[in-house]
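# An overview of the molecular structure
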Amino acid sequence: MRAGRVESMQADEKTEKRKKRAWAYVIKYAIITLGGIVYALGVSLFLDPNNVAAGGVTGISIVLHHLLAPYVPWLDTAVLIVLINVPLFILGAVFFGKGFVLSTMYATLSSSLFIELFKHTVLPHIPMIDRLVAAIIGGVLFGLGMGLIFKMGSTTGGTDIIIKLLRKKFRYIRIGFISVTLDFTIVCISTIVFRDFELACYTLISIAIFSFVFDMVIYGGNSAKMIYIIADNEKSPLICEKLLHELDLGATYLDGEGAYSGDKRRIIMCVAKSMTYPRLRDVVKEIDPHAFMIVSSAKEIYGEGYKDHNTEEI
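Residues numbered from 1 in each chain as written. Predicted model: local features only at pLDDT ≥ 70, side-chain atom pairs only at ≥ 80, totals over all residues. Heavy atoms only, no water.

A separate point is the overall build of the chain. Across its full length, the chain carries 10 helices and 4 strands. Mapped in sequence order, the helices and strands of the chain form the string α-α-α-α-α-α-α-α-β-α-β-β-α-β. Accessible surface for the chain amounts to roughly 18300 Å². Of this, 64% is attributable to carbon and sulfur atoms. (Helix = DSSP H or I, 4+ residues; strand = E, 2+ residues; numbered from the N terminus. Areas by Shrake-Rupley, 256 points an atom, 1.4 Å probe, with all protein chains shown as cover.)

This is the structure:
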């Protein structure tokens with residue numbers, strides 16, 4: 001009888017785990033789809049019509065489409081994105097496994113389809129806008145869409161796979177440096193192809209905005225402030241108690257000693273997200289207006305309430 005209950009409980013746990021796993025996949029692909037739609041809006045309505053080359057394979061495809069359009073009319077930007085990505089998908093499958101490649105293929109194909117859809121249904125009904133406005137809006141949408149896709153552990157293929165391969169081999173190489181180098185090269189090529197220095201400036205603006213928005217989507221939620229609070233010994237516990245119970249922050253005591261006075265001090269070290277920091281400062285000012293505070297930016301934080309240690313590096 002007891003054995004039957006145990007088996008029933010185990011079966012229920014397995015069913016619950018399968019439901020959670022299935023729901024996680026639904027959420028993941030829903031966000032990837034949303035990212036693909038936003039990304040496609042930026043490319044099809046703003047960047048491509050104004051010949052503003054984006055970074056990576058998308059930028060290369062825009063340039064190639066401009067060069068090949070008179071000879072191969074059907075070979076447009078969306079088709080070129082898919083064709084260039086095929087050999088890169090093979091590399092991704094070899095080094096990162098089936099799951100990564102499937103989600104990347106889905107992101108690439110869906111975003112390419114959305115580009116085609118918006119190009120033929122939405123673009124004809126909107127007026128042409130100033131290139132500077134197109135570069136700004138296109139860069140924002142491009143960065144937001146790509147950020148959402150990357151956030152889900154996927155990519156849109158192309159140079160993203162090359163960057164992941166380089167990061168796998170050379171972890172000390174920063175993604176930003178590689179991306180900027182590749183994008184700058186594409187800007188130089190687009191300047192030669194379109195013979196328009198002004199256009200190159202607009203492209204650089206678009207890439208700069210893309211990089212900023214992309215960084216905010218990927219790292220914005222994990223960034224915070226790291227704070228050292230050196231207060232009066234009698235007031236440090238009061239500050240720490242408010243941080244723990246009123247602001248729901250974690251804190252650590254560090255033993256310190258004044259170099260000049262030789263006084264022993266209990267230094268409070270904590271991290272706080274940007275929205276919480278003003279309240280923390282008010283707490284310190286209220287309890288000990290003479291406290292010494294050192295505040296710096298923490299780009300990434302791992303642990304409870306922040307990123308998991310098992311999170312894949314982007």
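Strand order in this open sheet of 4 strands is β2-β3-β1-β4, and the pairing throughout is antiparallel. In this open sheet, the two strands that pair with only one neighbour each are β2 (252–257) and β4 (292–298). Between one strand and the next, the sheet's axes are offset by a mean angle of 25 degrees, whatever the strand orientation. Bridge count for strand β1 (residues 224–230) against β4 is 7 bridges, and the pairing is antiparallel. Residue pairing across strands places I227 opposite V295, the latter belonging to β4. Strand contacts of helix α9 (residues 236–245): β1, β2 and β3 (264–272), with the helix running at about 15 degrees to β3, the strand carrying the most contacts. (Pairing = 2+ DSSP bridges. Axes fitted to C-alpha atoms, helices over the stretch in contact; angles between N-to-C directions. Contact = heavy atoms within 4.5 Å.)

A few words on the pattern of salt bridges. One pass over the full model with this rule turns up 3 salt bridges. A salt bridge links E246 to K242, with the nearest nitrogen and oxygen atoms 3.7 Å apart. With a closest N to O distance of 3.6 Å, E286 and K242 form a salt bridge. Of this pair, E286 sits in helix α10 (residues 277–287) while K242 sits in helix α9, and the two are 44 residues apart along the sequence. (Salt bridge = Lys/Arg side-chain N within 4 Å of Asp/Glu carboxyl O.)

This part covers the side chain of N50. Turning to its location among the elements, N50 is positioned in the loop between α1 (2–47) and α2 (56–68). Taking relative accessible area as the criterion, N50 reaches 5% and is therefore assigned buried. A polar side-chain atom of N50 sits 2.8 Å from the main-chain carbonyl oxygen of F46. The residues contacting N50, other than those within four sequence positions of it, are M128, I129, R131, A134 and L199. (Buried < 20%, exposed > 50% of the residue type's maximum accessible area, 1.4 Å probe, protein only. Polar contact = N/O pair within 3.5 Å; in protein donor to acceptor, adjacent residues only side chain to side chain.)

A few words now on the packing of helix α3 (residues 77–96) against helix α4 (residues 98–121). Two numbers describe how α3 lies on α4: the axes approach to 9 Å, and their chain directions differ by 175 degrees. Between α3 and α4, the angle is such that the two are roughly antiparallel. For the pair α3 and α4, the contacting residues are A78, I81, V82, N85, F89, G92, A93 and F96 in the first and K98, F100, V101, T104, M105, T108, L109, S112, I115 and E116 in the second. The residue inventory of the contact of α3 with α4, partitioned by class, reads 11 nonpolar, 5 polar and 2 charged. (Parallel < 35°, antiparallel > 145°, perpendicular 65-115°, else oblique. Nonpolar A, V, L, I, M, F, W, Y, C, P; charged D, E, K, R; others polar.)

Now for the nonpolar core. Among the nonpolar cores identified, the biggest contains 35 residues, and Y39, L47, I115, F142, M146, I161 and F214 are the most heavily contacted of them. Listed by contribution, the elements that provide at least two residues to this core are α1, α2, α3, α4, α5 (131–151), α6 (159–169), α7 (175–194) and α8 (197–219). Of the residues forming this core, the biggest block, 7 residues, is contributed by α1. One finds L243, I268, V284 and I287 within the second-largest nonpolar core, a separate group that totals 17 residues. (Core = buried A, V, L, I, M, F, W, Y, C linked by side-chain atoms within 4.5 Å.)

Next up on the list: the environment of N51. Within the secondary structure layout, N51 lies in the loop between α1 and α2. Its relative accessible area of 23% is what places N51 among the partly exposed residues. In the structure, N51 is positioned 139 residues away from S190 in sequence and 8.7 Å away in space, judged by C-alpha atoms. When residues no more than four places from it in sequence are discounted, the contact partners of N51 are H66, R131, F194 and L199.

Of the pairings in the sheet, the one linking β1 to β3 comprises 6 bridges and is antiparallel in character. From the neighbouring strand, I230 faces β3, where its bridge partner is I267. Direction of pairing for β2 relative to β3: antiparallel, over a ladder of 6 bridges. For L254, the partnering residue across the bridge sits in β3 and is I267.

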